[in-house]
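# Remarks on the overall topology
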2 protein chains.
Amino acid sequence: MKARVTVTLKPSVLDPQGKAIEGALRSLGVPHVTSVRQGKIFEMEIEGDDRVAAAEAAKAAADKLLANTVIENYRIEVSG
Amino acid sequence: MKARVTVTLKPSVLDPQGKAIEGALRSLGVPHVTSVRQGKIFEMEIEGDDRVAAAEAAKAAADKLLANTVIENYRIEVSG
């Protein structure tokens, strides 16, 4: 199974890197972009055919290592 | 409109950070994870209601700034 964990800053947390990207896009002449927020994505291969077990492994990985749940949200998608 | 740009390393490019995460997950006792690759995600707000224009702005941002197309692939999703 494949699992994808997407980690994004909580909406209340400032994202200076996103702000820098906004400024850079303006300088580069990319129009109409009013806000940018950056996150991380982790694509995992998980052994076995059990969707539920794969989601559990991905959740354990996110909670223990991939996300700082004080300032970040994560979501998990599992696919065959 | 919202656009999401997901940037991932090309499959042929080594991902030492992903390898480090694999090792750390093993040490932490998260089972069955055989491979991890890390990428970046950019969530953008784009002015206007034109889906095509939003996709074009996101593509320009990815090509000019967000992705290094020598070693990275990107994909774009636009939503209302």
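Residues numbered from 1 in each chain as written. Chains lettered and ligands numbered in written order. Predicted model: local features only at pLDDT ≥ 70, side-chain atom pairs only at ≥ 80, totals over all residues. Heavy atoms only, no water.

### Considerations on unusual backbone geometry
Within the chain, His 32 of chain A stands out as a residue other than glycine whose phi angle is a positive 70°. On the secondary structure map, His 32 of chain A appears in the loop between α1 (16-27) and β2 (33-46). (Helix = DSSP H or I, 4+ residues; strand = E, 2+ residues; numbered from the N terminus.)

### Notes on the sheet that holds strand β2 (residues 33-46) of chain B
Overall, antiparallel pairing links the 6 strands, which are arranged β3(A)-β1(A)-β2(A)-β2(B)-β1(B)-β3(B) in an open sheet. Bordering the open sheet on either side are β3 (72-79) of chain A together with β3 (72-79) of chain B, each of which pairs with just one other strand. For this sheet the average axis-to-axis angle between neighbouring strands, irrespective of direction, equals 20°. The pairing of strand β1 (residues 2-9) of chain B with β2 of chain B spans 7 bridges and is antiparallel. Considered in β2 of chain B, the bridge of Lys 2 of chain B is made with Glu 45 of chain B. The strands touched by helix α2 (residues 51-66) of chain A are β1 (2-9), β2 and β3 of chain A; relative to β3 of chain A, the strand with the most contacts, the crossing angle is about 155°. Packed on one face of the sheet, helix α1 (residues 16-27) of chain B meets β2 of chain A together with β2 of chain B and runs near 120° to β2 of chain B. (Pairing = 2+ DSSP bridges. Axes fitted to C-alpha atoms, helices over the stretch in contact; angles between N-to-C directions. Contact = heavy atoms within 4.5 Å.)

### So, the relation of the copies chain A and chain B
Of the transformation superimposing chain A on chain B, the axial component is 0.0 Å and the angular component is 180°, with the fit at an RMSD of 0.0 Å. Such a turn and shift between the copies fits a two-fold axis. The C-alpha atom lying nearest the rotation axis in chain A is that of Lys 40 of chain A; the distance is 2.3 Å. Most of the interface of chain A is mirrored in chain B, where 100% of its interface residues are also at the interface. (Least-squares fit on C-alpha atoms with pLDDT ≥ 70 in both.)

### As for the interface of chain A and chain B
Residue-level contacts link 32 residues of chain A with 32 residues of chain B. Of the roughly 2800 Å² buried where chain A meets chain B, counting both sides, 65% is carbon and sulfur surface. The tally of links from chain A across to chain B stands at 2 salt bridges. Glu 43 of chain B is the salt-bridge partner of Arg 75 of chain A, the closest N and O atoms lying 3.9 Å from each other. Counting the contacts that link chain A with chain B gives 12 residue pairs in polar contact (both at pLDDT 80 or more). Elements that contribute at least two residues to the side of chain A that touches chain B include exactly β1, α1, β2 and α2 of chain A. (Buried area = accessible area lost by both parts, 1.4 Å probe. Salt bridge = Lys/Arg side-chain N within 4 Å of Asp/Glu carboxyl O. Polar contact = N/O pair within 3.5 Å; in protein donor to acceptor, adjacent residues only side chain to side chain.)

Shape descriptors only; they carry no functional weight alone.
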